[in-house]
Amino acid sequence: MKNRELNSAVVLCGGMGRRMGSDKGLLVMDGRTFIEIITDRLLEYFTEVAVVLRDSRQAGNYRDLLDSSISVLTDEVPGVGPLGGIFTALGRISGSAALFLPCDSPLVTREFLLNMKDAFRVMGDRCDAIVPCRDGLLEPLHSIYSVKVRDHIEGLLAKNERRVRVLLDSIESCRLDAISLDPTLRSFRNFNRPEDLRI
């Protein structure tokens, strides 16, 4: 088993935020935007951090909020959801894999990040994806994806298949109990509607 380090992390921010009514990455908690909270946390543990946005207009709203070391990417294939964001990032990162997070999970914990890095050290050689699972449900946007799956994603998108679950069912996906990665489950808390912000 090779000893490998996971050094790349990506935040997916290309969603329209229809249920929230606004761009979720720009929502504010304790005086800071979600994207600032998440990327600042990632920079503590990853040497390469990227943010994927849907287009240059959205990117313009983010650039001044981000550390200069963060790569700002825009969707290569517009309008195909998170799978398109994963596809874009896997073509741009320098490492062999990346941890992906959604921009509406600002409570991601140090323990979760370190446990995912540990999981990659142990399982990265044999897994195309490392995916948390809780109550039988996958957390596909809190997962690690190998650059090896990029061509497979391209094939799915060419067939107008946009579901990340379909990708996970067709590659070597390794599943881990979400509670073992973050006993608080705070890392998986999504903010989808205005009422979710009342924490």
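Residues numbered from 1 in each chain as written. Predicted model: local features only at pLDDT ≥ 70, side-chain atom pairs only at ≥ 80, totals over all residues. Heavy atoms only, no water.

Caption draft 1: Quick peek at the state of the cysteines. Here the structure, examined in full by the defined rule, presents one disulfide. No disulfide involves Cys13; its nearest neighbouring cysteine sulfur is the one of Cys103, lying 3.8 Å away. The cysteine Cys133 is free of any disulfide, with Cys174 supplying the nearest cysteine sulfur at 13 Å. (Disulfide = S-S within 2.5 Å.)

Caption draft 2: Up close: the packing of aromatic side chains. Going through the model one piece at a time under the given rule, you end up with two aromatic pairs. Ring centres 5.6 Å apart and planes at 75° place the aromatic pair Phe100 and Tyr145 in the edge-to-face group. Remark: Tyr145 occurs in strand 9 (residues 144-146) and Phe100 occurs in strand 6 (residues 97-102); sequence separation between them is 45 residues. When its relative accessible area of 0% is taken as the criterion, Phe100 is described as buried. (Phe/Tyr/Trp six-rings, centres within 6.5 Å; stacked < 30°, edge-to-face > 60°. Helix = DSSP H or I, 4+ residues; strand = E, 2+ residues; numbered from the N terminus. Buried < 20%, exposed > 50% of the residue type's maximum accessible area, 1.4 Å probe, protein only.)

Caption draft 3: Representation of the packing of helix 3 (residues 82-90) against helix 5 (residues 150-158). One way to put it is that helix 3 packs onto helix 5 with a least axis distance of 10 Å and a crossing angle of 145°. In this structure, helix 3 meets helix 5 at a crossing whose hand is left-handed. Between helix 3 and helix 5, the contacting residues are Leu83, Gly84, Ile86, Phe87 and Leu90 on the first element and Arg150, Ile153, Glu154, Leu156 and Leu157 on the second. Here the residues of the contact of helix 3 with helix 5 are counted per class, giving seven nonpolar, one polar and two charged. (Axes fitted to C-alpha atoms, helices over the stretch in contact; angles between N-to-C directions. Left-handed = near helix turned anticlockwise from the far one by under 90°. Contact = heavy atoms within 4.5 Å. Nonpolar A, V, L, I, M, F, W, Y, C, P; charged D, E, K, R; others polar.)

Caption draft 4: Main features of the layout of surface pockets. Of the volumes computed, that of the second largest pocket is approximately 160 Å³. Looking at the lining of the second largest pocket, the element that brings in the most residues is helix 1 (residues 34-43), giving three residues. When the residues that make up the lining of the second largest pocket are grouped by side-chain class, the tally is five nonpolar, no polar and five charged. (1 Å grid on protein atoms, 1.4 Å probe; cavity = no way out; pocket = protein on both sides within 12 Å on 5 of 7 lines; lining within 4 Å. Points joined across faces, edges and corners; volume = space filled by probe spheres on them.)

Caption draft 5: Just the environment of Ile86, in detail. With respect to the helices, strands and loops of the structure, Ile86 is situated in helix 3. Judged by its relative accessible area of 0%, Ile86 is buried. Put simply, Ile86 and Ala98 are twelve residues apart on the chain and 9.4 Å apart in space, counted from C-alpha to C-alpha. In this structure Ile86 touches Leu12, Phe100, Tyr145, Ile153 and Val164, once residues within four positions along its chain are discounted.

Caption draft 6: A look at the pairing of strand 5 (residues 71-74). Here strand 4 (residues 48-53) pairs with strand 5 via four bridges, running parallel. By the bridge assignment, Leu53 is partnered in strand 5 with Thr74. (Pairing = 2+ DSSP bridges.)

Caption draft 7: View of the pattern of salt bridges. By the definition in use, this model includes 13 salt bridges. Of the charged contacts in the structure, one is a salt bridge between Arg121 and Glu5, with a shortest N-O distance of 2.9 Å. Of this pair, Arg121 sits in helix 4 (residues 110-123) while Glu5 sits in the segment before strand 1 (8-12), placing them 116 residues apart in sequence. Residue Glu5 is classed as partly exposed on the basis of its relative accessible area of 37%. Close ionic contact of Lys24 with Asp104 constitutes a salt bridge, the shortest N to O distance being 2.7 Å. In this pair, Lys24 sits in the loop between strand 1 and strand 2 (28-29) while Asp104 sits in the loop between strand 6 and helix 4, placing the two residues 80 residues apart along the sequence. Through salt bridges that share partners, Glu5, Lys117, Asp118 and Arg121 make up one connected network. (Salt bridge = Lys/Arg side-chain N within 4 Å of Asp/Glu carboxyl O.)

Caption draft 8: Quick look at the nonpolar core. By size, the foremost hydrophobic cluster in this structure holds 35 residues, and its most contacted members are Leu42, Phe46, Leu99, Phe112 and Leu113. Elements represented by at least two residues in this core include exactly strand 1, helix 1, strand 4, helix 2 (56-62), strand 6, helix 4, strand 10 (173-177) and helix 7 (178-181). Beyond its immediate stretch of four places on either side in the chain, Phe46 contacts Leu6, Asn7, Ser8, Ala9, Leu99, Leu113 and Lys117. Listed in part, the 27 residues of the second largest apolar core include Val10, Leu83, Ile86 and Val149. (Core = buried A, V, L, I, M, F, W, Y, C linked by side-chain atoms within 4.5 Å.)

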